[in-house]
Amino acid sequence: YRANTSGAPNFAYEMCVVAAERKGDKSLAGLDLSNWNLAFVGAEPVRAATLDRFAATFADVGFRREAFYPCYGLAEATLMVSGGRRDEPPKLWHDPAGPTRVSCGRACTGNELAIVDVARRTRCDDGVEGEIWVRGASVASGYFGHEQESRETFAATLRDAPQGSPQDETWLRTGDLGCVVAGEVYVTGRDNDTVIKNGIKFAAEDLEHTVEQLRLEPLHPSGCAAFGYDDGDREWLVIVNEIKRGAVAAWNEVGDQVVAAIAAAYGMPADAVIFVQRGSIPRTTSGKIRRSQCRACYEHGGLAEVARHLTGQRA
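Keep in mind it's a predicted model, so treat the numbers as computed, not measured. (Residues numbered from 1 in each chain as written. Predicted model: local features only at pLDDT ≥ 70, side-chain atom pairs only at ≥ 80, totals over all residues. Heavy atoms only, no water.)

**Topic: the overall build of the chain**
At step 1: Within the chain, the secondary structure is distributed over six helices and 18 strands.
At step 2: Taking 315 residues into account, the globule formula puts the C-alpha radius of gyration at 20 Å, and the chain, at 21 Å, falls close to it.
At step 3: When its C-alpha atoms are laid out on the principal axes, the chain stretches across 65 × 55 × 40 Å.
At step 4: Burial analysis of the chain (315 residues in total) assigns 46% to the buried set.
At step 5: As presented, the chain carries roughly 16,300 Å² of accessible surface, and 49% of it is formed by carbon and sulfur atoms.
At step 6: Here the chain contributes 35 positive and 43 negative side-chain charges, whose respective centroids are spaced 3 Å apart. (Helix = DSSP H or I, 4+ residues; strand = E, 2+ residues; numbered from the N terminus. Rg over C-alpha atoms; globule rule 2.2 N^0.38 Å. Buried < 20%, exposed > 50% of the residue type's maximum accessible area, 1.4 Å probe, protein only. Areas by Shrake-Rupley, 256 points an atom, 1.4 Å probe, with all protein chains shown as cover. Lys, Arg positive; Asp, Glu negative; His and termini not counted. Charge placed at Lys NZ, Arg CZ, Asp CG, Glu CD.)

**A few points about the pairing of strand E8 (residues 111-117)**
At step 1: Of all seven residues in E8, five are buried; the element is thus mostly enclosed.
At step 2: By the bridge criterion, six bridges tie E8 to strand E10 (residues 130-136) in an arrangement that is antiparallel. What sits directly across from Asn-111, in E10, is Gly-136.
At step 3: Bridging between E8 and strand E9 (residues 122-123) involves two bridges; their strand directions are antiparallel. Bridged to Val-116 within E9 is Arg-123.
At step 4: Between the end of E8 and the start of E9, which pair antiparallel, lie four residues, with Arg-121 showing a positive phi angle near 55 degrees. (Pairing = 2+ DSSP bridges.)

**Here's the deal with the confidence of the model for the chain**
At step 1: A residue-level look at the chain finds 96% of positions with pLDDT of 70 or above and a mean pLDDT of 90.
At step 2: For the chain, strand E13 (residues 194-197) is the element with the lowest average pLDDT, namely 81, and strand E17 (residues 272-276) is the one with the highest, namely 96. (pLDDT = per-residue confidence, 0-100.)

**Comments concerning the nonpolar core**
At step 1: Membership of the largest hydrophobic core comes to 35 residues, with the highest contact counts inside it found for Phe-54, Phe-58, Phe-63, Phe-68 and Leu-113.
At step 2: Listed by contribution, the elements that provide at least two residues to this core are helix H1 (10-23), strand E2 (38-41), helix H2 (48-58), strand E3 (68-73), E8, E10, strand E11 (172-181) and strand E12 (184-190).
At step 3: Apart from the residues within four sequence positions on either side, Phe-58 is in contact with Cys-16, Val-17, Ala-20, Leu-28, Leu-31, Leu-33 and Phe-63.
At step 4: Listed in part, the 23 residues of the second largest apolar core include Leu-207, Leu-219, Leu-237 and Ala-247. (Core = buried A, V, L, I, M, F, W, Y, C linked by side-chain atoms within 4.5 Å. Contact = heavy atoms within 4.5 Å.)

**Some details on unusual backbone geometry**
At step 1: Of note, the amide linkage connecting Thr-78 to Leu-79 takes the cis form, showing an omega dihedral of 10 degrees.
At step 2: Here Leu-79 shows up in the loop between E3 and strand E4 (80-83).
At step 3: If you check the backbone angles, Asp-87 has positive phi at about 70 degrees while not being a glycine.
At step 4: Topologically, Asp-87 is positioned in the loop between E4 and strand E5 (92-94).
At step 5: Although it is not a glycine, Ala-182 adopts a positive phi angle of roughly 55 degrees.

**As for the packing of aromatic side chains**
At step 1: Here the structure, examined in full by the defined rule, presents 15 aromatic pairs.
At step 2: Centre to centre, the rings of Trp-93 and Tyr-186 are 5.6 Å apart; their planes meet at 50 degrees, and the pair counts as tilted. Note that Trp-93 is positioned in strand E5 and Tyr-186 in strand E12, a separation of 93 residues in sequence.
At step 3: By relative accessible area, which is 3% here, Tyr-186 ends up buried.
At step 4: Here the aromatic cluster, defined as three or more aromatic residues joined through ring pairs, consists of Tyr-13, Trp-36, Phe-54, Phe-58, Phe-63 and Phe-68.
At step 5: One residue, Arg-135, lies across the ring of Trp-171, its end atom 4.9 Å from the ring centre. (Phe/Tyr/Trp six-rings, centres within 6.5 Å; stacked < 30°, edge-to-face > 60°. Lys NZ or Arg CZ within 6 Å of the ring centre and 35° of its normal.)

**A look at the packing of H1 against H2**
The geometry of a pair of packed helices is captured by two quantities: the angle between their axes and the separation between those axes.
At step 1: H2 packs onto H1 with a crossing angle of 40 degrees between their chain directions and a minimal axis gap of 9 Å. Classified by the angle between their axes, H1 and H2 sit oblique to one another. Of the two possible hands of crossing, H1 and H2 adopt the one that is left-handed. Of the residues in H2, those in contact with Asn-10, Tyr-13, Glu-14, Cys-16, Val-17 and Ala-20 of H1 are Thr-50, Arg-53, Phe-54, Thr-57 and Phe-58.
At step 2: Split into classes, the residues belonging to the contact of H1 with H2 amount to six nonpolar, three polar and two charged. (Axes fitted to C-alpha atoms, helices over the stretch in contact; angles between N-to-C directions. Parallel < 35°, antiparallel > 145°, perpendicular 65-115°, else oblique. Left-handed = near helix turned anticlockwise from the far one by under 90°. Nonpolar A, V, L, I, M, F, W, Y, C, P; charged D, E, K, R; others polar.)

**Quick word on the sheet that holds E3**
At step 1: Sheet architecture is open: five strands sit in the order E1-E2-E3-E4-E7, paired in mixed fashion. Pairing within the sheet leaves two strands with one partner each, and these edge strands are strand E1 (5-8) and strand E7 (106-107).
At step 2: For E1 and E2, the ladder comprises four bridges, and the chain directions are parallel. When the sheet's bridge partners are listed, Gly-7 is paired in E2 with Phe-40.
At step 3: On top of the sheet, H1 reaches E1, E2 and E3; it is set at about 95 degrees to E1, its chief contact.

Laid out in structure tokens, this is it:
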């Protein structure tokens, strides 16, 4: 059909690479991506490593890295908030406190975006992570029939609003975390998906990405959920991994590899690595991980558990 525009969340591009690697070069025979000139990436943090691998894997069948279009949006802003310039490769920022980040461009015409220190309700400096707030003509006025939730989400105000701004100027609290560097928006995660361990905050997406990059044979690609779990005595870092259908492995050894990778990347090990059947991790209709629901399933024994690896603990 010579289609030129398509896109997906980051995990879908990763799964395409894994599928191509599993099936071999012959699986690309007859594929022509030379007309694909706008490959949007959104709905979750965009990974530089994923873009690199996808571009390298599909370069021989016509895919150009310049076609990637990382962008940011949400339903409450109906839909797009920021994006880059067409036919320019994605901009990168080497976050000194984390992995290389991919820019989701600048706020679209008619939108204004702020990175906010929620506790102080003031704007963050460049490069400092905070909650993403948005306002503009495309932002909805609230959730139908949910007045309290609407006030909490759509009626946020800044203490450091510029002089002359209307006193009733309100913002949409997105619940997403990010920062702005040189005018470019970098999305880093979700506020309610932040894992706090030993007083330090970690983005669940970063932890999951570290595990997925191990490319361990028994594990299903893009089937990892990371979350914190408070058992009443302390906070645990839990990693849940879906396994491939019919996979059999020495799960303690696989767990050791996951624990070591987390420790090497973040200076702390995972406390528990749980292996579950494919399809056990709760997801949205678009395939994104529901971490809070996964945490609840873990707490109440609702996961189809195959094996459990505990670091220095007994089950």
